[in-house]
Amino acid sequence: MTSRPTVLLCDDSRALRMLAARQLDDCGFHVVGEAGNGLEAVSQYQALKPDVVLMDLVMPECDGKQALGRILAQDPDARVVILSSLGAQSDIEECLKLGAKSYLQKPIDPEVMDRVLHEAVA
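Let me begin by describing the structure that accompanies this report. These numbers come from a predicted model, not from an experiment. Residue numbering note: each chain is counted from 1, following its sequence as written. In view of the model being predicted, local features appear only for residues whose pLDDT reaches at least 70, and side-chain atom pairs are presented and counted only at 80 or more, with totals across whole chains, interfaces and linings using the full set of residues. Excluding hydrogens and water, the side-chain figures rest on all heavy atoms present in the structure.

The buried fraction of strand β3 (residues 52-56) is high, at 5 of 5 residues. Strand pairing is defined by DSSP finding a minimum of two bridges between the two strands. Numbering of helices and strands runs from the N terminus; a helix is a DSSP stretch of H or I covering at least four residues, while a strand is a stretch of E covering at least two. Of the strand pairs in this sheet, strand β1 (residues 6-10) and β3 are connected by 4 bridges, and their pairing is parallel. What sits directly across from Leu8, in β3, is Val53. In terms of strand pairing, β3 meets strand β4 (residues 80-84) through 4 bridges, oriented parallel. Only protein chains enter the accessibility calculation, which uses a 1.4 Å probe; a residue whose area is less than 20% of its type maximum is buried, one above 50% is exposed, and one in between is partly exposed.

Written as structure tokens, this is what we have:
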């Protein structure tokens, strides 16, 4: 049996994290940690070393773009997929230039999430 890829789920919405965790499980991923802001995301990334990070752009204390930069500074091979609402195209483009692997639009389409995250860990 092969082990399932691990995910760190970062979003300030607990409801979205719960929904996304179920979708990730259905897609064959194992959620090893959750973070409600970018500072928690950076700290949990260091501790858990997940295969991929699903990171919301808009969070308190430290946003997704700042957290992405900090994670990539520690681990240039980190695989981060940005999660954003409509209208954040310039932020998404900036994150992709910084080193994010891809992005997902909210609300999350489970089939798109499955494809994007499997591509990120491939």
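Once you've had a look at it, read on.
Moving on: helix α1 (residues 14-26). Multiplying one less than the number of residues by 1.5 Å gives the expected span of a helix. The first and last C-alpha atoms of α1 sit 19 Å apart over 13 residues, in line with the 18 Å expected at 1.5 Å per residue. Among the residues of α1, those classed as buried are Leu16, Arg17, Ala20, Ala21, Gln23 and Leu24. We call two residues contacting when some pair of their heavy atoms lies within 4.5 Å. In the core, the buried residues of α1 are packed alongside β1, β2 (30-35), β3, β4 and α5 (110-121). The first or second residue beyond α1 is Gly28, which carries a positive phi of 95 degrees.

Another point: the nonpolar core. By nonpolar core is meant a set of buried Ala, Val, Leu, Ile, Met, Phe, Trp, Tyr and Cys residues that side-chain atoms within 4.5 Å join together. Residues Cys10, Val53, Met55, Leu68, Ile71, Val80 and Ile82 are the most contacted members of the largest nonpolar core, which totals 21 residues. Secondary structure elements with two or more residues in this core: β1, α2 (38-48), β3, α3 (64-74), β4 and α4 (89-98). Here the element with the most residues in this core is α3; it accounts for 4 residues. For Ile82, the residues in contact, after removing those within four places along its chain, are Met55, Leu57, Leu68, Cys95, Ala100, Ser102, Tyr103 and Leu104. Within the second largest apolar cluster, 19 residues are counted, among which are Leu16, Leu54, Leu83 and Val116.

All quantities given are derived from atomic positions and should not be read as evidence of function.
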